[in-house]
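Chain by chain, the residues run as shown.
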Amino acid sequence: QGEFRTDITIENPVESITVYVSDNIFNQTVEKIVVNANIFEGISIENALVYPNPVKKYDGVWITFTLSQSAKVTIKIYTIAGRLVRVISDVSCNAGYNQRFWDGRDESGDELSNGVYLVHISAEGNSGTDKKIEKFIIAR
């Protein structure tokens, strides 16, 4: 029983890896592993969510999303009419799940009024940019 780790380079969407193992008394086994890899070099934002939605009391919200690679993220909150009310910029995020708390206040520190708002999430990584838009409602 044991384990090993090694870096591999996958150049095709489907590759096979053959592992030959031998112990100190020459018992041998061979295992073939087929790897299906989705090769994607661009950055992507997935599973964007504003929670809670709708906002019923004044506690702020969590903005969550998944990134395909590390990136600098900018989050902008707009009214449904298109007025920019808050910018959260240059957030360093890792690949995978990310979350950012926002206190629900505009740039002046005032609470937002009831209504529909848009959250623009933009990520800039080594291999490009991606943007997502989510909406949420404040109904206190």
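Going by the structure above, here's the rest.
Nothing here was measured: the structure is a model prediction, and the numbers come from that model. (Residues numbered from 1 in each chain as written. Predicted model: local features only at pLDDT ≥ 70, side-chain atom pairs only at ≥ 80, totals over all residues. Heavy atoms only, no water.)

1. Brief notes about the sheet that holds strand E5 (residues 71-79)
Taking strand neighbours across the sheet as the criterion, the four strands line up as E6-E5-E8-E9 in an open arrangement whose pairing is antiparallel. What marks the edges here is a single partner per strand, and that holds for strand E6 (84-93) and strand E9 (128-138). Across the sheet, the axes of successive neighbouring strands diverge by a mean angle of 15 degrees, strand direction being ignored. Looking at chain direction, E5 and E6 are connected through seven bridges and run antiparallel. The residue of E6 that forms the bridge with Lys 72 is Ser 92. (Pairing = 2+ DSSP bridges. Helix = DSSP H or I, 4+ residues; strand = E, 2+ residues; numbered from the N terminus. Axes fitted to C-alpha atoms, helices over the stretch in contact; angles between N-to-C directions.)

2. As for the sheet that holds strand E3 (residues 45-51)
Overall, antiparallel pairing links the three strands, which are arranged E3-E4-E7 in an open sheet. Of all the strands in the sheet, just E3 and strand E7 (96-102) have a single pairing partner and so form its edges. Taken over all neighbouring pairs, the strand axes of this sheet differ in orientation by 15 degrees on average, direction set aside. Looking at chain direction, strand E4 (residues 61-67) and E7 are connected through seven bridges and run antiparallel. When the bridges of E7 are listed, Ile 63 appears paired with Arg 100.

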